[in-house]
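Architecture and fold: a report
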Amino acid sequence: KHSAPLVVVRGGGERQYFNNVSLAREYVLTSRDVRDVAGTDSCIFRLAKSTLAAIEVKAGKKFNGIQAGVSNLRKRYRFADSHMGAPRRLRALQDAFSLVRHITEMGEQAFLDEMQASLDGMIELEAMDAVEQPTAEQPGRRARKKNKKKIASGSQGGAGVGAV
């Protein structure tokens, strides 16, 4: 005998039924992220596979990636002016596909840890202003480079030889 659910969670086109409020709360708070990530992964896979298939049909042969296909097509065709951004978007799709197909659960955690460390290590711009700035005695990088060129060419700057 089944009892009527206490909680119904609706999201998008799906419904989930729970007899336990704490299970429903946990579902709402945690599984949405998991579903979104899985949806993004599968979306990128679908887009990449469909795009590669379309490129292969247009070229009449198989390729080992979107960029290889686009490079081959560009030898015989050019994108219309209204679609000049397509190669950039296709490269971004290939990059996204390359990233998600190689990330495992361990790799995902390592990536997140690395990004968190990078974000934690960021320096505020105001804090950078407090760091010692180059002085006249310590010229900045461009000035040091310029001085090296002058020295190498024999010019020391200033008024020149014999000036008073």
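For the structure itself, consult the block above.
In what follows, the accompanying structure is described. Being a predicted model, the structure only gives us computed values, none of them experimental.

Cut-offs used in this document
Position labels on residues start from 1 in each chain and follow its written sequence. The predicted origin of the model limits local features to residues at a pLDDT of at least 70 and limits the giving and counting of side-chain atom pairs to 80 or more, whereas totals for whole chains, interfaces and linings rest on all residues. Computation of side-chain values: all heavy atoms of the structure, hydrogens and water removed. Starting at the N terminus, helices and strands are each numbered in turn, a helix being any DSSP run of H or I of at least four residues and a strand any DSSP run of E of at least two. We call a residue buried when its accessible area falls under 20% of the maximum for its residue type, exposed when it is over 50%, and partly exposed in between, using a 1.4 Å probe and counting protein chains only. Any pair of residues with heavy atoms lying within 4.5 Å of one another is described as a contacting pair. With axes taken as lines fitted to C-alpha atoms, and helix axes fitted only over the stretch in contact, angles between N-to-C directions fall between 0 and 180 degrees. Orientation categories follow fixed angle ranges, with anything under 35 degrees roughly parallel, anything over 145 roughly antiparallel, 65 to 115 roughly perpendicular, and all other angles oblique. Amino acids outside the nonpolar list (Ala, Val, Leu, Ile, Met, Phe, Trp, Tyr, Cys, Pro) and the charged list (Asp, Glu, Lys, Arg) are all regarded as polar, and Gly is one of them. Like charges are joined within 9 Å and nonpolar side chains (Val, Leu, Ile, Met, Phe, Trp, Tyr) within 5 Å, but only among residues with over 30% relative accessible area and no salt bridge; these make up the patches. Only the protein chains shown count as cover for residues, and all accessible areas are computed by the Shrake-Rupley method using a 1.4 Å probe. A pair is scored as a salt bridge if a Lys or Arg side-chain nitrogen falls within 4 Å of a carboxyl oxygen belonging to Asp or Glu. Put simply, buried Ala, Val, Leu, Ile, Met, Phe, Trp, Tyr and Cys residues joined by side-chain atoms within 4.5 Å make one nonpolar core.

Some points on the overall build of the chain
From N to C terminus, the chain includes 6 helices and 2 strands. Looking at the chain residue by residue over its 164 residues, the buried ones come to 15%. Of all intrachain contacts in the chain linking residues separated by at least 6 positions in sequence, the fraction that spans at least 24 positions is 24%.

Details of the packing of helix 2 (residues 66-73) against helix 3 (residues 86-102)
As a packed pair, helix 2 and helix 3 sit with axes 9 Å apart at the nearest point and diverge in direction by 155°. Between helix 2 and helix 3, the interaxial angle falls into the category roughly antiparallel. Contacts between helix 2 and helix 3 pair Ile66, Gln67 and Val70 from the former with Pro87, Leu90, Arg91, Leu93 and Gln94 from the latter. Among the residues making up the contact of helix 2 with helix 3, the classes are represented as 5 nonpolar, 2 polar and 1 charged.

Some words on a nonpolar patch on the surface
Taken together, the side chains of Leu99, Ile103, Phe111, Leu112 and Met115 make up a nonpolar region of the molecular surface, amounting to roughly 400 Å² of accessible area. Of all the elements, helix 4 (residues 105-120) adds the most residues to the nonpolar patch, at 3 residues. With respect to the secondary-structure elements, phenylalanine 111 resides in helix 4.

Points about the nonpolar core
Formed by 13 residues in total, the largest nonpolar core has its most connected members in Ile44, Ala48, Ile55, Phe63, Ile66, Val70 and Leu93. When residues of this core are traced back to their parent elements, those giving at least two are helix 1 (21-59), helix 2 and helix 3. If one sorts the elements of this core by residue count, helix 1 sits on top with 5 residues. Apart from residues lying up to four places away in sequence, isoleucine 55 is in contact with Phe63, Ile66, Gly69, Val70 and Leu73.

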